[in-house]
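# Chains, contacts and geometry: an overview
One-letter residues, chain by chain:
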Amino acid sequence: MASSLVIGGRRVKFRFFVFIALLIGGILFIVLRNQTTQAYTAVSYGTLDIVHYGQAVLIREETTYSAPAYGKAIYLIAEGAEVEADQHIAVLYKEDFDEEIMREIYDIREKILLYQQGKVVDQLINDDVIRINNELNDMIATIQTSVIKKDFIYMPKMESKLRYLLNNKQNLLDLQVEPDDYLKELFNKEAILVSQMNQWTTDIYASASGIISFVIDGFENILGSSAVDRLTMDDYRHIIETNGAFLDSNKKESMAELDTTVVKAEQPLYRIVDSTEKLYAALVIDSAELYFNIGDAVNAIFYEQESIQGFVRRVQIEDNRTFLCIEFDSNVENTVNKRILPLQIQKTVEGLLIPENALVQRKGSQGVYLKEDDENIFIETSVHAAADGFVIIEPISGNKALHVHDKVLINNE
């Protein structure tokens with residue numbers, strides 16, 4: 001027989017107390033659950049910094065110029081320097097160039113100099129001659145050292161300086177010395193050697209004004225400004241992977257068709273970037289929610305460079321990734337010899353700020369629950385930025401307004 005309890009003359013079974021306990025427990029559970037989930041936070045006004053990183057493919061207007069096949073090139077202009085049209089920029093040496101000829105030329109010039117000095121040492125005491133002599137001695141010593149070490153990178157500049165000094169010295173000495181047979185013989189030897197050397201060298205002059213680079217990667221005639229709107233994610237990936245090969249053989253232009261003011265193109269030598277043109281950087285971010293829009297101003301930092309301002313030119317979302325193209329008005333000179341560079345882009349957004357966990361999905365719409373008196377009213381919102389657990393939102397037009405200090409529900413699960 002089930003146990004029971006007599007209360008007020010009525011017998012109550014034990015299961016009645018179990019029912020009462022369960023009822024009280026359920027009420028307590030609902031009350032406590034509401035107390036823990038009905039938490040609110042105040043809407044504030046603030047800013048969020050959206051930062052993304054990626055490998056940027058650089059796009060710019062540039063023209064490649066070619067030169068005859070050569071064995072060695074000596075550049076007279078620094079990489080990334082601004083040049084003018086027809087400026088002397090390089091000296092090319094043919095593959096069969098005999099470096100011994102250069103040494104013989106400087107040896108003969110030294111003999112001419114010493115011979116002339118000996119002839120007038122007792123006749124001419126002049127401060128200008130002494131100064132030129134000292135400079136010539138220093139220059140000849142430097143050239144001889146370079147020839148011995150076979151270091152010819154600055155030889156054209158040194159030769160130009162030596163010619164200048166010799167011409168000045170010659171003008172003085174010619175007033176005092178009449179060339180004799182020995183001196184004439186030295187001059188003739190020098191002329192023959194110089195003529196021979198000139199047959200082995202080619203002077204290169206800039207074909208246009210702009211920023212010069214001697215780094216050729218094969219993309220010069222492909223990644224111009226017209227590629228900004230045509231480049232695809234597959235193209236981007238291909239460029240990153242190959243880092244110097246052509247996108248495909250169909251897009252490759254024949255080097256023989258490129259413009260050059262020297263001779264028929266045989267070998268690419270340098271390129272000129274128009275400093276007045278814009279620079280573009282294309283990059284892919286592995287996210288479909290970047291909150292970057294066309295026309296947005298961004299702060300950009302190329303690898304180990306200062307921050308510059310750019311503008312979002314293109315946004316394309318595909319396979320949960322975002323293809324971005326950023327436009328710059330400057331900074332061409334700092335990236336002229338690079339095709340791929342690490343890039344950080346940052347956008348600062350300000351507006352109504354709430355914790356990210358205050359956002360809820362309701363019937364296919366995203367929004368927040370606004371506390372009004374004892375009610376929670378759903379307001380549909382758009383998200384303008386998300387970072388560090390917070391979002392910046394804006395009520396969608398037609399909804400109830402949302403203001404700073406309003407209370408919105410969080411942890412509504």
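For the structure given in this document, a descriptive report is provided here. On a predicted model such as this, the values are computed, not experimentally measured, just so you know.

## Let's talk about the overall build of the protein
On a plain count of helices and strands, the protein comes out with six helices and 21 strands. The contacts of the protein with a sequence gap of at least 6 include a subset with a gap of at least 24, amounting to 76%. Carbon and sulfur atoms provide 49% of the accessible area of the protein, an area that totals close to 23300 Å².

## Quick word on the pattern of salt bridges
Within the structure shown, the criterion is met by 11 salt bridges. In this structure, R60 engages E62 in a salt bridge whose closest nitrogen and oxygen atoms are separated by 3.2 Å. Of the residues examined, R60 reaches a relative accessible area of 1% and is grouped as buried. With its nearest N and O atoms 2.8 Å apart, the salt bridge here joins R339 to D217. One end of the pair, R339, is in the loop between strand 15 (321–328) and strand 16 (340–355); the other, D217, is in the loop between strand 10 (210–213) and helix 6 (233–242), with 122 residues separating them in the sequence. Across this residue pair, the class does not change: R339 and D217 are buried. Salt bridges linked by common partners bring R60, E62, D217, E220, R271 and R339 together as one network.

## Describing the packing of aromatic side chains
This model, assessed by the stated rule, comprises six aromatic pairs. The interplanar angle of 20 degrees and the centroid separation of 5.3 Å between the aromatic rings of Y65 and Y270 together place this pair among those described as stacked. Residue Y65 is found in strand 5 (residues 62–67), and its partner Y270 is found in strand 11 (residues 267–273); the two are separated by 205 residues along the sequence. Judged by relative accessible area, Y270 falls into the buried class, the value being 1%. Judged by centre distance (6.5 Å) and plane angle (90 degrees), the rings of Y236 and F323 are edge-to-face. Taken together, the positions of Y236 in helix 6 and F323 in strand 15 put the pair 87 residues apart, joining distant regions of the chain. In this structure Y236 comes out as buried when scored by relative accessible area, which is 8%. Relative accessible area serves as the criterion here: at 1%, F323 is assigned to the buried category. One aromatic cluster is present, built from ring pairs that chain together Y65, Y75, F214 and Y270. Its guanidinium or amino end placed over the ring of F292, K347 lies 5.7 Å from that ring's centre, counting from NZ or CZ.

## Side note on the environment of I59
When you line up the elements, I59 lands in strand 4 (residues 44–59). A residue is classified by how much of its surface remains accessible, and I59, at 0% relative accessible area, is buried. Separated by 160 residues in sequence, I59 and F219 place their C-alpha atoms 9.2 Å apart. The residues contacting I59, other than those within four sequence positions of it, are L223, G224, S225, V228, L231, K278, L279, Y280 and A282.

## Considering the sheet that holds strand 10
Spatially, 5-11-10-7 is the arrangement adopted by the four strands of the open sheet, whose pairing is antiparallel. Looking at which strands have only one partner, the edges of the open sheet turn out to be strand 5 and strand 7 (82–83). Strand direction decides the pairing type here: strand 5 and strand 11, joined by six bridges, are antiparallel. Each residue of the ladder has a partner; that of A67, found in strand 11, is Q267.

## What to know about the side chain of T335
Within the element layout of this structure, T335 appears in the loop between strand 15 and strand 16. Not counting residues within four places of it along the chain, the set of residues in contact with T335 comprises L58, R60, L279, Q305 and L341.

## Regarding the layout of surface pockets
The space that makes up the largest pocket amounts to roughly 280 Å³. Residue lining of the largest pocket: 14 residues in total, with H88, V91, P156, E159 and D203 positioned closest to the centre. Listed by contribution, the elements that provide at least two residues to the lining of the largest pocket are strand 8 (88–93), helix 4 (155–173), helix 5 (181–200) and strand 9 (201–205). The element that contributes the greatest number of residues to the lining of the largest pocket is helix 4, accounting for five residues. Partitioned by chemical class, the residues of the lining of the largest pocket number six nonpolar, four polar and four charged.

About the thresholds
- Residues numbered from 1 in each chain as written.
- Predicted model: local features only at pLDDT ≥ 70, side-chain atom pairs only at ≥ 80, totals over all residues.
- Heavy atoms only, no water.
- Helix = DSSP H or I, 4+ residues; strand = E, 2+ residues; numbered from the N terminus.
- Contact = heavy atoms within 4.5 Å.
- Areas by Shrake-Rupley, 256 points an atom, 1.4 Å probe, with all protein chains shown as cover.
- Salt bridge = Lys/Arg side-chain N within 4 Å of Asp/Glu carboxyl O.
- Buried < 20%, exposed > 50% of the residue type's maximum accessible area, 1.4 Å probe, protein only.
- Phe/Tyr/Trp six-rings, centres within 6.5 Å; stacked < 30°, edge-to-face > 60°.
- Lys NZ or Arg CZ within 6 Å of the ring centre and 35° of its normal.
- Pairing = 2+ DSSP bridges.
- 1 Å grid on protein atoms, 1.4 Å probe; cavity = no way out; pocket = protein on both sides within 12 Å on 5 of 7 lines; lining within 4 Å.
- Points joined across faces, edges and corners; volume = space filled by probe spheres on them.
- Nonpolar A, V, L, I, M, F, W, Y, C, P; charged D, E, K, R; others polar.

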